[in-house]
Amino acid sequence: MELIKSFIERGIIMDEEIRDLLGEEIKTEIRDLSTFEPGSKEKSIAIEDLAKLYKLRIDETRNEWDFNEKYESRDSDIQFKKDQLEEQVKDRYFKLGVEAAGIILPMIFYAAWMKRGFRFEETGTYTSTTFRGLFNRFKPTKK
């Protein structure tokens, strides 16, 4: 990325030199217009040349704006994708945590109630209707 920026900076410096030369040429052409006679063929040709030079300057400016816009757009797209990736990683960890809690918490609940129920049923038979009904509803598997 730094290499691209250095190339761009060097290109902009060169573009500035070209832009300055083009600006000087336009100024020279405008000054030279006053030396021609009004309505002469030479003045018409000089005006056409001036129009071409000015059109080049406008095109150069437009190209620079387009380049800068695309470069900034690419940078913002890269930043957006990085942010999106970070958000996806956080979301994935959150979902993994929720799924793990969905398995571990019911198992802890079942173990606690079974321990209480077996302590209550020390004889080995399920005489209590509460524990018998609760034991039938234990489903330690994922639905």
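Everything quoted here is computed from the prediction, not taken from an experiment. (Residues numbered from 1 in each chain as written. Predicted model: local features only at pLDDT ≥ 70, side-chain atom pairs only at ≥ 80, totals over all residues. Heavy atoms only, no water.)

Peer 1: Kindly report on the overall build of the protein chain, identifying the contributing residues and their values.
Peer 2: If you tally the helices and strands in the protein chain, you get three helices and zero strands. Put simply, the protein chain runs from its N terminus to its C terminus through helices and strands in the order α-α-α. For the protein chain, the proportion of its 143 residues judged to be buried stands at 12%. For the protein chain, long-range pairs separated by at least 24 residues make up 50% of all intrachain contacts whose partners lie at least 6 apart in sequence. Just so you have it, the protein chain exposes about 12600 Å², and 60% of that area is on carbon and sulfur atoms. (Helix = DSSP H or I, 4+ residues; strand = E, 2+ residues; numbered from the N terminus. Buried < 20%, exposed > 50% of the residue type's maximum accessible area, 1.4 Å probe, protein only. Contact = heavy atoms within 4.5 Å. Areas by Shrake-Rupley, 256 points an atom, 1.4 Å probe, with all protein chains shown as cover.)

Peer 1: Describe in detail the environment of Thr61, supporting the description with residues and values.
Peer 2: Tracing the backbone shows Thr61 in helix H2 (residues 41–120). Judged by relative accessible area, which is 26%, Thr61 ranks as partly exposed. A C-alpha to C-alpha distance of 9.1 Å links Thr61 and Arg19, two positions 42 residues apart in sequence.

Peer 1: Hey, could you go over the pattern of salt bridges for me, with residue numbers and the actual values?
Peer 2: Here the structure, examined in full by the defined rule, presents four salt bridges. Here Glu24 and Lys27 are joined by a salt bridge, their closest N and O atoms 3.9 Å apart. Note that Glu24 and Lys27 are positioned in helix H1 (residues 2–33) at a spacing of three residues, about one turn of the helix. In this structure Glu24 comes out as partly exposed when scored by relative accessible area, which is 42%. One salt bridge connects Arg62 with Asp59, and the closest N-O pair in it is separated by 3.4 Å. Pair noted here: Arg62 and Asp59 are both in helix H2, with a separation of three residues, about one helical turn. Through salt bridges with shared partners, a single network forms among Lys55, Asp59 and Arg62. (Salt bridge = Lys/Arg side-chain N within 4 Å of Asp/Glu carboxyl O.)

Peer 1: Report on the packing of aromatic side chains, specifying residues and quantitative values.
Peer 2: Centre-to-centre distance and the angle between the planes together describe a pair of aromatic rings. Within the structure shown, the criterion is met by one aromatic pair. Between Phe67 and Tyr71 the ring centres are 6.3 Å apart and the planes differ by 15 degrees, which places this aromatic pair in the stacked class. Residue Phe67 and its partner Tyr71 are both found in helix H2; the two are separated by four residues, about one turn of the helix. (Phe/Tyr/Trp six-rings, centres within 6.5 Å; stacked < 30°, edge-to-face > 60°.)

Peer 1: A description of the side chain of Ser40 should follow, citing residues and the corresponding values.
Peer 2: When you line up the elements, Ser40 lands in the loop between H1 and H2. Only 2.8 Å separates the side chain of Ser40 from the backbone oxygen of Glu37, close enough to count as a polar contact. Within the structure, Ser40 has its side chain in polar contact with the backbone nitrogen of Lys43 (distance 3.3 Å). (Polar contact = N/O pair within 3.5 Å; in protein donor to acceptor, adjacent residues only side chain to side chain.)

Peer 1: I'd love a proper account of the nonpolar core, names of residues and values included.
Peer 2: Grouped together as the largest cluster of nonpolar side chains are six residues: Leu22, Ile26, Leu33, Ala46, Leu50 and Leu53. Of all the secondary-structure elements, those providing two or more residues to this core are H1 and H2. For Ile26, the contacting residues outside a window of four places in its chain are Leu50, Leu53, Tyr54 and Arg57. (Core = buried A, V, L, I, M, F, W, Y, C linked by side-chain atoms within 4.5 Å.)

Peer 1: Give me a nonpolar patch on the surface: which residues, what numbers.
Peer 2: Residues Ile103, Ile104, Leu105, Met107 and Ile108 make up a contiguous nonpolar surface patch of about 500 Å² in total accessible area. By secondary structure assignment, the location of Ile104 is in helix H2. Judged by relative accessible area, which is 48%, Ile104 ranks as partly exposed. (Patch = residues over 30% accessible without salt bridge, like charges linked within 9 Å, V, L, I, M, F, W, Y side chains within 5 Å.)

Peer 1: Go over the side chain of Glu29 with me, naming the residues and quoting the values.
Peer 2: Tracing the chain through its elements places Glu29 in helix H1. Buried Glu29, no salt bridge; nearest opposite-charge side chain is Arg31, N-O distance 11 Å. For Glu29, the residues in contact, after removing those within four places along its chain, are Ala46, Asp49, Leu50 and Leu53. (Lys, Arg positive; Asp, Glu negative; His and termini not counted.)

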